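Next come the chains, spelled out residue by residue.
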Amino acid sequence: MNAPPVPGPAPGSAPRSADAGLTGRTAVVTGAAGGIGRACGLRLAAAGARVRAVDRDAEGLADLVAFAERTVRTPGTVEAYALDLTDLDAAERAAEGADILVNNAGMQFVRPIDEFPPEVFSRMLTVMLEAPFRLVRGALPGMYERGWGRIVNISSVHGLRASAYKSAYVAAKHGLEGLSKTAALEGAPHGVTSNCVNPGYTRTPLVERQIADQAAAHGISEERVVSEVLLADAAVKRLVEPEEVAEAVAYLCGPHASFITGTSLSMDGGWTAH
């Protein structure tokens with residue numbers, strides 16, 4: 001009989017101790033008030049980075065900073081930076097001086113293309129593609145000057161594959177993949193790497209809302225939505241934990257990943273192996 005899948009780290013668990021050689025580095029993490037962004041901010045702070053946590057949720061950022069002060073016993077720090085990424089000029093300024101940029105902020109809306117509100121499509125591409133471009137644009141001059149930089153874009157399995165009814169999300173993530181590869185090619189002579197991390201369905205507020213919505217739409221339990229809808233094509237039958245994604249991000253920012261650039265790291269439990 002096959003052994004059951006090994007569970008991931010407990011949700012909300014404290015980050016590992018500093019081991020990624022990031023002391024003295026400045027990291028900008030977007031969408032940092034919750035989910036993957038929060039886990040990335042805590043993990044990079046645990047590795048010694050000064051984290052500039054960007055989100056429009058000021059209350060969530062305050063909670064993150066308080067949690068980091070209680071749990072992160074390293075040289076790293078977490079600073080709240082309240083910002084709506086639809087303010088593109090401000091987004092570009094927010095990335096100035098960053099050694100590490102983690103483009104994570106995202107949103108989801110599920111409708112058939114012929115019913116998809118154009119204004120929602122536009123906003124999603126602004127937040128998930130145009131804002132990352134502006135953040136990269138703001139960060140690169142300093143990275144080039146210092147001869148070192150790490151750009152990690154939190155893409156998705158939907159950056160590699162499409163699903164019906166998610167036109168804006170799929171389009172934005174596919175565009176982010178292209179932006180990341182272009183930044184890798186341009187940044188290589190300057191010591192800057194650029195990569196994507198591509199998680200499958202992750203235990204975040206965004207996915208939990210999807211589960212509730214689909215349960216209501218299909219008239220089934222949330223447990224059945226997870227097992228029969230979200231994870232139907234995954235070999236590992238569980239959600240990814242944000243802390244697992246954060247570990248991959250920390251690795252790509254560390255000294256052993258200097259030759260990894262222009263690539264996409266799938267963390268999808270075998271979803272794209274089909």
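Residues numbered from 1 in each chain as written. Predicted model: local features only at pLDDT ≥ 70, side-chain atom pairs only at ≥ 80, totals over all residues. Heavy atoms only, no water.

1. Quick word on the overall build of the protein
Secondary structure assignment for the protein yields eight helices and seven strands. Its C-alpha radius of gyration of 18 Å places the protein within 12% of the 19 Å reference for a compact globule of 274 residues. In terms of principal-axis extent, the alpha carbons of the protein reach across some 55 × 45 × 35 Å. Evaluated residue by residue, the protein yields a buried proportion of 51% over its 274 residues. When the accessible surface of the protein is totalled, it reaches about 12500 Å², and 55% of it is carbon and sulfur. (Helix = DSSP H or I, 4+ residues; strand = E, 2+ residues; numbered from the N terminus. Rg over C-alpha atoms; globule rule 2.2 N^0.38 Å. Buried < 20%, exposed > 50% of the residue type's maximum accessible area, 1.4 Å probe, protein only. Areas by Shrake-Rupley, 256 points an atom, 1.4 Å probe, with all protein chains shown as cover.)

2. Overview of the nonpolar core
Counting 36 residues, the largest nonpolar core has Leu44, Val102 and Val197 as its most contacted members. Of all elements in the fold, only β1 (26–30), α1 (35–46), β2 (50–55), α2 (58–71), β4 (100–103), β5 (149–154) and α8 (242–253) reach the threshold of two or more residues within this core. Those residues within four positions of Leu44 in sequence are excluded, and the remaining contacts are Leu22, Ala27, Val29, Ala49, Val51, Ile100, Val102, Ala250 and Cys253. Counting 28 residues, the second largest nonpolar core, distinct from the first, contains Ala94, Ala95, Ala105 and Ala131. (Core = buried A, V, L, I, M, F, W, Y, C linked by side-chain atoms within 4.5 Å. Contact = heavy atoms within 4.5 Å.)

3. Some thoughts on the confidence of the model for the protein
Averaged over all residues, the pLDDT of the protein equals 91, while 92% of them reach at least 70. Here residues 1–8 scores under 50 on pLDDT; set against residues more than four positions off or in separate chains, the count is six contacts. (pLDDT = per-residue confidence, 0-100.)

4. Section: the side chain of Asp268
Here Asp268 is to be found in the segment after β7 (264–267). Buried charged residue Asp268 carries no salt bridge. Nearest counter-charge: Arg161, at 7.0 Å. In this structure the side chain of Asp268 is engaged in a polar contact, spanning 2.5 Å, whose partner is the side chain of Thr272. (Lys, Arg positive; Asp, Glu negative; His and termini not counted. Salt bridge = Lys/Arg side-chain N within 4 Å of Asp/Glu carboxyl O. Polar contact = N/O pair within 3.5 Å; in protein donor to acceptor, adjacent residues only side chain to side chain.)

5. Describing the packing of α1 against α8
Where α1 contacts α8, the axes come no closer than 8 Å and their chain directions differ by 50°. As judged from the angle between their axes, α1 and α8 are oblique. Relative to α8, α1 is oriented so that their crossing is right-handed. On the side of α1, the interface is formed by Gly35, Ile36, Ala39, Cys40, Arg43 and Leu44, while α8 contributes Pro242, Glu243, Val245, Ala246, Glu247, Val249, Ala250 and Cys253. When the residues that make up the contact of α1 with α8 are grouped by side-chain class, the tally is 10 nonpolar, one polar and three charged. (Axes fitted to C-alpha atoms, helices over the stretch in contact; angles between N-to-C directions. Parallel < 35°, antiparallel > 145°, perpendicular 65-115°, else oblique. Left-handed = near helix turned anticlockwise from the far one by under 90°. Nonpolar A, V, L, I, M, F, W, Y, C, P; charged D, E, K, R; others polar.)

6. As for the packing of aromatic side chains
The final tally for this structure, using the stated rule, is two aromatic pairs. Between Phe109 and Phe116, the ring centres sit 5.4 Å apart and the planes meet at 75°, which makes this aromatic pair edge-to-face. Ring centres of Phe116 and Phe121 lie 6.0 Å apart, and the angle between their planes is 85°; on these two criteria the pair is classed as edge-to-face. Phe116 gets classed as buried once you look at its relative accessible area, which sits at 9%. Residue Phe121 is classed as partly exposed on the basis of its relative accessible area of 30%. Ring pairs connect the aromatic residues Phe109, Phe116 and Phe121, which therefore count as one cluster. Positioned above the aromatic ring of Trp148, the side-chain terminus of Arg25 is 3.7 Å from the ring centre. Just above the ring of Phe67 sits the side chain of Arg38; from NZ or CZ to the centre is 5.0 Å. (Phe/Tyr/Trp six-rings, centres within 6.5 Å; stacked < 30°, edge-to-face > 60°. Lys NZ or Arg CZ within 6 Å of the ring centre and 35° of its normal.)

7. A look at the pattern of salt bridges
If you walk through the whole model with that rule in mind, you get nine salt bridges. The residue Glu92 makes a salt bridge to Arg134 at a minimum N-O spacing of 2.5 Å. With Glu92 in helix α3 (residues 88–94) and Arg134 in helix α4 (residues 118–146), the pair connects residues that are 42 residues apart, well separated along the chain.

8. Here's the deal with the sheet that holds β7
Taken together, the seven strands give an open sheet; going across it, the order is β3-β2-β1-β4-β5-β6-β7, and neighbouring strands pair in parallel fashion. Only two strands of the sheet have a single partner each, and these edge strands are β3 (77–82) and β7. The mean inter-strand angle of the sheet, taken between neighbouring strand axes irrespective of direction, is 20°. The sheet contact formed by β2 and β3 spans six bridges and is parallel. Bridge assignment links Val51 to a residue of β3, and that residue is Val78. Taken strand by strand, α1 contacts β1, β2, β3, β4, β5 and β6 (192–199), and its axis lies near 170° from that of β1. (Pairing = 2+ DSSP bridges.)

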